[in-house]
Every structure is written in structure tokens, then in C-alpha cells.
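# Descriptive analysis of the structure
Spelled out from the first residue to the last, the chains are:
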Amino acid sequence: HRHCVELLLNSGKHVLVEKPTGLSYAETKHMFEVARANDRLLVTNYWTRFFPAIGWVRRKLQSPRLGPIRKVHGDFAFQAAANLDDRFFNPKLGGGGGLDRACY
């Protein structure tokens, strides 16, 4: 995403980018530096924050009916493509456990 993000930021646009924001820490840090230099907003699209099930869990956890919460455990899973050449399995394309799933 780096090339497109930098073009947009340098042209004065705020940017909402799909994850992973960058393919490395250095690349991501550089994009945020470009955003700051241009006084623009750069944000990453993490859809789970607004996912209805997450909102439901938050409301339940805040409910006084449950009492004090001591621990919450959750899992995240999905059906991956059977093709190992798919983007989901290729770190160079932003896939793999570290870049595509660990953020959740």
C-alpha cells in the first residue's frame, strides 16, 4: 500500500488503508511520518471494532447483571482458501499469520 498511500497523503488527502498498513515496521512508520508531515490522517481499517458481535459482547461485559469481570477469552477463526498460492498465505502480499491475522 505504501506507494498509493504516499501519493494520496502528498496530494492532501486523508487515507483509510486496508490492513496490513505496511509490510514492515519501517515501511509503516514512514507512511505515518508522511501523514504527519502533510498534517493528514492515516488510519487502518480494522473492521472488527465495529462488527456487530463485538458490540454485543461489549454491552454484555458492561452490564451490571454480570458482576465484576475477571477474565475474557475469545477466539478468531475463518475458512481459508485451499490454494496455498492465495494472498492469505503470502507475506510478500500482506498475507500470513503475522500480517493478515495477528492484528485481530
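Here, the structure is the one placed above.
Residues numbered from 1 in each chain as written. Predicted model: local features only at pLDDT ≥ 70, side-chain atom pairs only at ≥ 80, totals over all residues. Heavy atoms only, no water.

Two quantities define a packed helix pair, namely the angle between the axes and the distance from one axis to the other. It is the contact of helix 1 (residues 2-10) with helix 2 (residues 25-37), at a shortest axis distance of 9 Å, that shows an interaxial angle of 10 degrees. One element, helix 1, and the other, helix 2, form an angle in the roughly parallel class. Facing helix 1, whose interface residues are Arg2, Val5, Glu6, Leu9 and Asn10, helix 2 presents Glu27, His30, Met31, Val34 and Ala35. Here the residues of the contact of helix 1 with helix 2 sort into five nonpolar, two polar and three charged. (Axes fitted to C-alpha atoms, helices over the stretch in contact; angles between N-to-C directions. Helix = DSSP H or I, 4+ residues; strand = E, 2+ residues; numbered from the N terminus. Parallel < 35°, antiparallel > 145°, perpendicular 65-115°, else oblique. Contact = heavy atoms within 4.5 Å. Nonpolar A, V, L, I, M, F, W, Y, C, P; charged D, E, K, R; others polar.)

What follows covers the environment of His3. Turning to its location among the elements, His3 is positioned in helix 1. Looking at His3, the relative accessible area reads 58%, which means it is exposed. Note: C-alpha distance between His3 and Met31 (28 residues apart in sequence) is 9.3 Å. (Buried < 20%, exposed > 50% of the residue type's maximum accessible area, 1.4 Å probe, protein only.)

Turning our attention to the environment of Glu18. Among the structural elements, Glu18 can be located in strand 1 (residues 15-18). A relative accessible area of 38% places Glu18 in the partly exposed class. Among all residues touching Glu18, those that are not within four sequence positions of it are His1, Thr44 and Asn45. For Glu18, the side chain forms a polar contact with the side chain of Asn45, separated by 3.1 Å. (Polar contact = N/O pair within 3.5 Å; in protein donor to acceptor, adjacent residues only side chain to side chain.)

Here the structure, examined in full by the defined rule, presents one salt bridge. A salt bridge links Arg2 to Glu6; the shortest N-O distance between them is 2.7 Å. Of the two residues, Arg2 and Glu6 both sit in helix 1, four residues apart, roughly one turn of that helix. (Salt bridge = Lys/Arg side-chain N within 4 Å of Asp/Glu carboxyl O.)

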